[in-house]
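Per-entry structural report
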Amino acid sequence: MYEAFFKLRKKPFELVPDPDFIYLSRSHKKALTYLNYGIRERVGFILLTGEVGAGKTTIIRELLGTGYERVVVSKVFNTRVNSEQLLAMINDDFGLEVSGRDKITLLRELNDFLLEQFGAGNFPMLVVDEAQNLSAELLEEIRMLSNLECAQGKLLQILLVGQPELRDTLDTPGLRQLRQRISINCHLKALSQEEMEEYILHRLEVAGNRSAVTFAPGTLALVYQYSRGIPRLVNVICDFLMLAAFAEESFVVTPELTREVLGDLDFETHFWGRSLPPASPAGPEHGVPDHEAELLRQTLNEVTATLSLLRQDFNAHAARIDAEVADVRGQVCGLAEELAGGHADKGTPERSFMQRLLLGGGIGRGR
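The paragraphs below set out a description of the structure included in this document. Since the structure is predicted, the reported quantities are computational estimates derived from the model, not experimental observations.

A separate point is the packing of helix α9 (residues 219-227) against helix α11 (residues 255-265). Interaxial distance between α9 and α11 falls to 8 Å at its minimum, and their mutual angle equals 25°. On the basis of the axis angle, α9 is roughly parallel to α11. Relative to α11, the crossing made by α9 is right-handed. The segment α9 lies against α11, with T219, L222, V223 and Y226 engaging P255, T258, R259 and L262.

Rendered as structure tokens:
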């Protein structure tokens, strides 16, 4: 709708996971590197977790779009299923017939397929997205699939992808064997504010115009405050900001416009499930949300660290001044001795005056 106005080829903040727009923050780059290593080295179970909207599906699509040689993939994205349905979806995505098959038949045909692929030099891999919806019993059945093997090794590599709750399920005592089989363990963190700002500009650039819109001072701080650095929420906010700027025929997004948009969206309640309290002094007694209290703590720590560095620098500077003053004073005192010896005899009033003035401490810092 607003693409032509901002001279963009396409919308920069779509919610659909698109590898073309992938932005590798430090956390995302690390996860992609680990996952790539795990797949190429056939390490067994791989775990990837992250908050809703952190970019897990985008990472997986980027990963699978790389085109691994001889890797045959089955992807499962609907995990609110029972054991037989899960097995049927796995077989179906591998291209096997599933109609009219019971669980035993599905399992036997999957094993035959994996043996056939192994014999052909291929490497089957199962990707289970939204794995946090799986019960402990279903996760245990997936672990049992990893037991399908031949004399030369495992027949199936498994990648589990899910929200942080998946880790809570995996921590239960009954899944100890599955936990011990996880060789690669990654977690996608939210973007820092600096990363978020670069992420926004990156998406504008990919869409065709990095300079499509100018964010006035304070605007991006508000975007970060409400999005918490979650890429999907950054997209939601920025899409509406550009729409609002388009409606006003403006190329500048201001904090005032941002607050208005966030208010219209009822953002905090709709996306985080609670409202921000009115402005009040920081502290738990005033009901400041945890994320704001954490930001305040981080800011305080940074200020404290900066003051400590300044204090160290000041002390070092003061020590250098004291040393320089002492050196100059020593030189002046030596000169005074020479002058006193050259212009007056020892004990004369002139020499006594010079000694009191220069040798007696009359010249020095703070005197």
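Let's pick the thread back up.
Bringing the pairing of strand β1 (residues 45-50) into the picture now. Side-chain direction in a regular strand flips from residue to residue, so the side chains alternate between the two faces of the sheet. Counting buried positions along β1 yields six of six residues, so the element is predominantly enclosed. Going residue by residue along β1, you find F45, L47 and T49 tucked away on one face and I46, L48 and G50 tucked away on the opposite face as well. As judged from the five bridges shared by β1 and strand β6 (residues 157-162), these two strands associate in the parallel manner. Directly across from L48, in β6, lies its bridge partner V161. Relative to strand β7 (residues 182-188), β1 runs parallel, the two sharing six bridges. Looking at the pairing, F45 lines up with I182 of β7.

Okay, the packing of aromatic side chains next. Throughout the structure, instances matching the rule amount to seven aromatic pairs. Residues F5 and F251 carry aromatic rings whose centres are separated by 4.6 Å and whose planes lie at 0° to one another, so their mutual orientation is stacked. One end of the pair, F5, is in the segment before α1 (26-41); the other, F251, is in the loop between α10 (231-247) and β9 (252-253), and 246 residues separate them in sequence. In this structure F251 comes out as partly exposed when scored by relative accessible area, which is 40%.

Turning our eyes to something else, we now look at the sheet that holds β1. The strands making up a sheet associate through hydrogen bonds between their backbones, and the pairing can be parallel or antiparallel. Read from one edge of the open sheet, five strands run β2-β3-β6-β1-β7, paired in parallel fashion. Two strands close off the open sheet at either side, each with one partner strand: β2 (71-76) and β7. Shown here is a sheet whose adjacent strand axes are inclined to one another by a mean of 15°, direction ignored. On top of the sheet, α1 reaches β1, β2, β3 (123-128), β6 and β7; it is set at about 160° to β7, its chief contact. Relative to β1, helix α2 (residues 56-64) is tilted by about 140°, and along the sheet it contacts β1, β2, β3, β6 and β7.

This part covers a negative patch on the surface. There is a patch of like negative charges on the surface, built from E51, E165, D168 and D171. Structurally, E165 is set in helix α6 (residues 165-170).

Let us look at a nonpolar patch on the surface. Taken together, the side chains of M1, F240 and L243 make up a nonpolar region of the molecular surface, amounting to roughly 310 Å² of accessible area. Within the secondary structure, M1 sits in the segment before α1. You can call M1 exposed: its relative accessible area is 73%.

Over its 16 residues, α1 extends 23 Å from the first C-alpha to the last, a length consistent with the 22 Å expected when each residue adds 1.5 Å. If you check which residues of α1 are buried, you get S27, H28, A31, L32, L35, G38 and I39. Down the axis of α1, the smallest arc covering the buried residues is 130°, so these residues share one side. Along α1, the residues that are exposed and aim more than 90 degrees away from the buried face are R26, K29 and R40. The inward-facing, buried residues of α1 contact β1, α2, β2, β3, β6 and β7.

F6, M196, I200, M242 and F267 are the most contacted members of the largest nonpolar core, which has 36 residues in total. Looking at this core, the elements with two or more residues in it are α8 (193-207), α9, α10 and α11. Per-element tally for this core: the top contributor is α10, with nine residues. Core analysis: the second largest hydrophobic core is formed by 32 residues, V81, L86, F94 and L110 among them.

Considering the arrangement of structural elements, one finds S25 in the segment before α1. Residue classification places S25 among the buried positions, given a relative accessible area of 2%. Side-chain polar atoms of S25 contact the side chain of H28, separated by 2.6 Å. Sequence-distant contacts of S25, defined by excluding residues within four places in its chain, comprise L191 and E195.

Reading guide: rules and limits
Residues numbered from 1 in each chain as written. Predicted model: local features only at pLDDT ≥ 70, side-chain atom pairs only at ≥ 80, totals over all residues. Heavy atoms only, no water. Axes fitted to C-alpha atoms, helices over the stretch in contact; angles between N-to-C directions. Helix = DSSP H or I, 4+ residues; strand = E, 2+ residues; numbered from the N terminus. Parallel < 35°, antiparallel > 145°, perpendicular 65-115°, else oblique. Left-handed = near helix turned anticlockwise from the far one by under 90°. Contact = heavy atoms within 4.5 Å. Buried < 20%, exposed > 50% of the residue type's maximum accessible area, 1.4 Å probe, protein only. Pairing = 2+ DSSP bridges. Phe/Tyr/Trp six-rings, centres within 6.5 Å; stacked < 30°, edge-to-face > 60°. Patch = residues over 30% accessible without salt bridge, like charges linked within 9 Å, V, L, I, M, F, W, Y side chains within 5 Å. Areas by Shrake-Rupley, 256 points an atom, 1.4 Å probe, with all protein chains shown as cover. Salt bridge = Lys/Arg side-chain N within 4 Å of Asp/Glu carboxyl O. Lys, Arg positive; Asp, Glu negative; His and termini not counted. Charge placed at Lys NZ, Arg CZ, Asp CG, Glu CD. Expected span 1.5 Å × (residues − 1). Arc of directions from axis to C-beta. Core = buried A, V, L, I, M, F, W, Y, C linked by side-chain atoms within 4.5 Å. Polar contact = N/O pair within 3.5 Å; in protein donor to acceptor, adjacent residues only side chain to side chain.

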